[in-house]
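Observations on chain architecture
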Amino acid sequence: QVQLVESGGGLVQPGGSLRLSCAASGNIFGLRAMGWYRQAPGRQRELVATITRSGSTNYADSVKGRFTISRDNVKNTVYLQMNSLKPEDTAIYYCNADLPIGLWWGQGTQVTVSS
C-alpha cells in the first residue's frame, strides 16, 4: 500500500503565497516522478508541475514564473511553492507519485485565493 499525504492548503488573498507538501510512504520502492495537479469546480483535473527523481521539472504555462516544485528524496516528499497567487488558482490540489506498481494519488488539499 502507498500513502500520499498532502498539507499546506488554505485560504489566501490574491498576491499571497502558500507552500504545499506531499509525503509519500509505504510500498514506494522505485519511486520515480512526482507531481502536482489541480481541479477547479466544473473543470477537469490539470497538470500543475512535475519533477523527476533527478530534479528535472515541467510546469503548466499558467503557473510558470510563479510556482516552484521541488522534492526531498530522503524524505520522499514533494513541495509546491506558490507565489503571486490569483483567484483562478483556486482548486483542489492533488499530488501524485509514479511507481513501478502504478500511479498513486493523494486525497487533495483545498487552495482558495480570495479577498
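Everything in this summary refers to the structure shown in the same document. (Residues numbered from 1 in each chain as written. Predicted model: local features only at pLDDT ≥ 70, side-chain atom pairs only at ≥ 80, totals over all residues. Heavy atoms only, no water.)

Section: the sheet that holds strand S1 (residues 2–7)
Reading across from one edge, S1-S3-S8-S7 is the order of the 4 strands in this open sheet, with antiparallel pairing throughout. Every interior strand has two partners, whereas the edge strands, S1 and strand S7 (67–72), have only one. Recorded for the sheet is a direction-independent mean angle of 15° between the axes of neighbouring strands. Bridging between S1 and strand S3 (residues 18–26) involves 6 bridges; their strand directions are antiparallel. Bridge pairing links Ser7 to Ser21 in S3. (Pairing = 2+ DSSP bridges. Helix = DSSP H or I, 4+ residues; strand = E, 2+ residues; numbered from the N terminus. Axes fitted to C-alpha atoms, helices over the stretch in contact; angles between N-to-C directions.)

Re the state of the cysteines
A complete count under the given rule lists 1 disulfide for this structure. Across the disulfide, Cys22 is cross-linked to Cys95 (sulfur-sulfur distance 1.9 Å). Of the two residues, Cys22 is situated in strand S3 and Cys95 in strand S9 (residues 91–99); the sequence distance between them amounts to 73 residues. Pair check on accessibility: Cys22 and Cys95 agree, each one buried. (Disulfide = S-S within 2.5 Å. Buried < 20%, exposed > 50% of the residue type's maximum accessible area, 1.4 Å probe, protein only.)

Points about the pairing of S7
Covered by surrounding structure in S7 are Phe67, Ile69 and Arg71 only, the residues Thr68, Ser70 and Asp72 on the alternate face being uncovered. Of the strand pairs in this sheet, S7 and strand S8 (residues 77–82) are connected by 6 bridges, and their pairing is antiparallel. Residue Ser70 lies in a different strand from S8, and its bridge partner there is Tyr79. Joining the antiparallel neighbours S7 and S8 is a turn of 4 residues, in which Asn76 adopts a positive phi near 50°.

A few points about the side chain of Arg71
Within the element layout of this structure, Arg71 appears in strand S7. In this structure the side chain of Arg71 is engaged in a polar contact, spanning 2.8 Å, whose partner is the backbone oxygen of Arg32. Side-chain polar atoms of Arg71 contact the backbone oxygen of Thr52, separated by 3.3 Å. Sequence-distant contacts of Arg71, defined by excluding residues within four places in its chain, comprise Leu31, Arg32, Ala33, Met34, Ile51, Thr52, Arg53, Thr77, Val78 and Tyr79. (Polar contact = N/O pair within 3.5 Å; in protein donor to acceptor, adjacent residues only side chain to side chain. Contact = heavy atoms within 4.5 Å.)

Scope: geometric values only; no functional claims are made or implied.
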